Amino acid sequence: MDLTTCLKSLLSAIQQYRGGRTTQHAAQLQKQVEEVSGLKCDRLLSSGQVLPSECVSGLVELAGNHNTSPALTSAIVSLLAQLACDDDSRVMLHSSYNLTSTLASVIHCHGATPGEPLVLQCLQVLQKLTYNTRIFQSTNYMHELVAFLMTNIQSQNEDIIIMPCLGLMANLCRDNHSLQSHIKSLDNVKPFYRTLINFLAHNSLTVVVFTLSILSSLTLNEKVGGKLFDAKNIHQTFQLVFNIIVNGDGTLTRKYSVDLLVDLLKNPKIADFLTRYQHFSACVSQVLGLLQSKDPDSAAKVLELLLAMCSVSGLRSLLCEVVFKPAAAKVRAGGRRQGPGPEAGGRKAESGLALVQWLSSPVEGAESCSLQALHLLHELLKEALGAESGADRVLGFVEMLLPVLLGLLRGLDPAKGDAHLRQHCSRVTYVTSLLLVLCTEDSTRSMVSRQVSAQLCLSQAESLLSCCRGNNPLTSLPPGCDNDLSQVCAEALLKTLELMSKLREQVKDMETSFYRMLQDQRIVTPLSLALTSSHRERVQTGLSLLFEATPLPDFPSLVLGESIAANNAYRPREAELSVKRVAVQEVPSPRTNSSLLDSSGGSSWGVQSLVEKIQNGLELQEQVKDSHVSEIIDVYAQKFSAFASQESRLQDLLEAKALALSQADRLLAQYRFQRAQAEAEAHKLGCLLKDAERRREELQGELGSQVLEVQRSKADMEELLQHNARLQRDSEEHQALKGAYNALLNRLNESERLLTEQQVAHVSLTKQSDALRKNHEALQLQHERTASVLEEREEEIRCLRSELQQRNGDITGLRGELRAEEEKGKERDQERRDLEETVDVLRKELNKTEQARKDASIKASSLELQKSQLEAKLKQREDELSKHSSMIAMIHSLSAGKMKSDVNLSL
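Since the model is a prediction, treat every value here as computed from it, not as a measurement. (Residues numbered from 1 in each chain as written. Predicted model: local features only at pLDDT ≥ 70, side-chain atom pairs only at ≥ 80, totals over all residues. Heavy atoms only, no water.)

### Topic: the nonpolar core
Core analysis: the biggest nonpolar cluster contains 200 residues, and Met169, Met309, Leu381 and Leu497 have the highest contact counts within it. Residue contributions to this core peak at 11 residues, all from helix H23 (residues 390–408). Contact partners of Leu497, with chain neighbours within four places excluded, come to Phe514, Met517, Leu518, Ile523 and Leu545. (Core = buried A, V, L, I, M, F, W, Y, C linked by side-chain atoms within 4.5 Å. Buried < 20%, exposed > 50% of the residue type's maximum accessible area, 1.4 Å probe, protein only. Helix = DSSP H or I, 4+ residues; strand = E, 2+ residues; numbered from the N terminus. Contact = heavy atoms within 4.5 Å.)

Next up, the structure:
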């Protein structure tokens, strides 16, 4: 069954259940809801169809009705959570269908049992729905929801209820001053603060992050926050947040950690603390390592954090050092090496390469990551090129970046719709802005001029002009709106023209193409939008291009003046309409009180019967007991609110039609002016035609001479054919080179895969290195104690060496005695031979120093015995040292786990 059929069946079941709240109808409706939940409903609400809108309106109404069974309400909430799969759907469910107050009313109704699965489900959906969404304090059931959250956070319930309560409270408090003031005015806010501070020691990192986010929102500018985020504690907070970002429990924890750090950076005092944080470069390197993953959500949050850091001047230069320093060295080394090789895969992937990979990542949902990466590179390159000798540092990185940037300029397909066109124009704007930053320095400008061609810029400008020309004024947004497709295309076009102006002297044929685009009649619309814009940079760009275009002969200055006048005349009307739109958007949705339609429970009297009785003058006492005057008043109040909302919507439609009419009048005035100009040009062309006819008769006589030139041209044609054949051969060689390039590209992909594997190995080795470093510090103290013992042993060895030297002197004295004994005769020949053998042994040990050691006596052998005894003692000391070392290793292995737990507790 397809989605449309299921939605029709669901709408029919909703209407049947409204007509009669029987068990059978409830079971049928629940079955239909579960069938729709089993289908793929991605971007169903943002499609703008009527059938899904009606179904969602009915489901929200039934979910907010307190008489609906919990099982049916749970199924409805599950389906609505599935529909909130993207940001547009979440905003629509919150603003158009008022799902936030509906879920808050469900929680208020079942708040007595917070552990009920329906309450947990509503809390989880609310946490998803309110993320990065401003919630007004006046929203229905908002005060009751805040009281419920504070009560359950301070209770001793399990983490299964506390964690979603903390996450939802963090969403509600973030950037919401009205709700923050309401919470601070409550009587139990101080016990609430104490409970949150106790949660900072929780063993779950997610709970710690939620708690820090709430405390930063409520107490950052107060006395309590001054103590929590002072100079003594802030460095530990930085280390904790960075550790959670890098080693968090999942994408949700990382997302809230990044938001917390971004909020802290908005405080100038804390931003200054971060600039002086000694481990900032190492932490940022680890955070940049997360870009190696293929998760677009994590990459988007990391890039959001880096962009927030770029807003702090002291951190921008540090980020440049982390991103660009290793990149330049590696790119130059890669340029010398032909082929990837095993060494390239084993190197650590630097941060700049990861940013470049996200620019053109094919991962689904990575469009915002690409724009964020472009914005980040724009800020970093602007900072690096503005510093002294900064251009030399980024040359290698720019050489790697330029082919990717030029590839992003291609791929425009107007047939894919306005969403693709708006995305492409935004990307072109970011890319050309980045190229303009590179053109500020001579060295990088030369690199850009070598790779950017005039044909590329011209084709890009032509396609953008056609997009600006093709917008429908009746369906587009107002010209002053930043999201208007014409405005986005115009900005991309002006950036392209500004780039052409910068490179017109360095690139061949660029100046001709630039002046050709300035004289195009279609340039009037984007140029007038820029000159009448409220953005200073757009106006300056438009003025610089106008200064270049004014001296040109065919520049449509009159049409530009008419367009500027029309835009200026339209601006007051647009300001008035925008104020009315804001006033209409602030009116609460009539779906807020939709649950009151069925609040009478089992009453058989409907709204129409009550209205008929009032009109016929019947007394209110004749009604059923469950029908009260307050219910009738609520019903009429809801009807009046619905009529007022419908009237407001009709008023908006009338204003939109008036807006379209004014745009049509402006276009009609432009058309009349262009028609008058065309008639004048046609008259001028008629005169020129007469002159051309007369001149044709004169040129008839010259035709004969041209025939001879044609014959000579034939000879030239033959030469051109030969040249064409040579070009054909060159083309074949080009195809062969292209095949070789594809082979090299495959090798590059394989090397990137190996590089990713080596990065994972590097992370594990880094953790092991940190553990070994801590062990080394612990062993250093034991080594110092052992060194003192070794010094005592060395002193004893020195004393023994002095005794050995003394014995050597005795040996010298005995040399004379041996000479005397040689004269005594042959009776001591046997003794002399023994002494000569002893002298031979001593000669080998003392490196054959002197001839006199031949006659060493029995005293020398006794000295050798003493020496061997000393060596035995020294070996015994060395054995004792080895035993000490083994004991130290055993103590370290026993205390390693305890040290890790102590570190976690300190965090």
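### Considerations on the side chain of Glu61
Structurally, Glu61 can be placed in helix H3 (residues 50–64). A polar atom in the side chain of Glu61 sits 2.7 Å from the side chain of Arg18. (Polar contact = N/O pair within 3.5 Å; in protein donor to acceptor, adjacent residues only side chain to side chain.)

### Overview of the pattern of salt bridges
Pairing between side chains of opposite charge can happen when the charged atoms of each approach one another. Summed over all chains, the structure comprises 23 salt bridges. Of the charged contacts in the structure, one is a salt bridge between Glu222 and Lys184, with a shortest N-O distance of 3.1 Å. One end of the pair, Glu222, is in the loop between helix H12 (205–219) and helix H13 (223–228); the other, Lys184, is in helix H10 (residues 177–184), with 38 residues separating them in the sequence. Its relative accessible area of 32% is what places Glu222 among the partly exposed residues. Its relative accessible area of 32% is what places Lys184 among the partly exposed residues. The residue Arg522 makes a salt bridge to Asp520 at a minimum N-O spacing of 3.0 Å. The class for Arg522 is partly exposed, based on a relative accessible area of 23%. (Salt bridge = Lys/Arg side-chain N within 4 Å of Asp/Glu carboxyl O.)

### A closer look at the packing of aromatic side chains
Within the structure shown, the criterion is met by 5 aromatic pairs. Between Phe210 and Tyr256 the ring centres are 4.7 Å apart and the planes differ by 80 degrees, which places this aromatic pair in the edge-to-face class. With a gap of 46 residues between them, Phe210 in helix H12 and Tyr256 in helix H15 (residues 251–265) connect regions that are remote in the sequence. An identical accessibility class is assigned to Phe210 and Tyr256; each is buried. Ring-pair connections join several aromatic residues into one group, and the members of that group are Tyr131, Phe210 and Tyr256. The ring of Tyr131 is capped by Lys255, whose NZ or CZ atom sits 5.2 Å from the centre of that ring. (Phe/Tyr/Trp six-rings, centres within 6.5 Å; stacked < 30°, edge-to-face > 60°. Lys NZ or Arg CZ within 6 Å of the ring centre and 35° of its normal.)

### Re helix H7 (residues 117–129)
Taking 1.5 Å of rise per residue, 13 residues should cover 18 Å, and H7 covers 18 Å from first to last C-alpha, within 8% of that figure. Counting buried positions over the 13 residues of H7 gives 10, a clear majority of the element. Among all positions in H7, only Leu118, Val119, Leu120, Gln121, Cys122, Leu123, Val125, Leu126, Gln127 and Leu129 are buried. (Expected span 1.5 Å × (residues − 1).)

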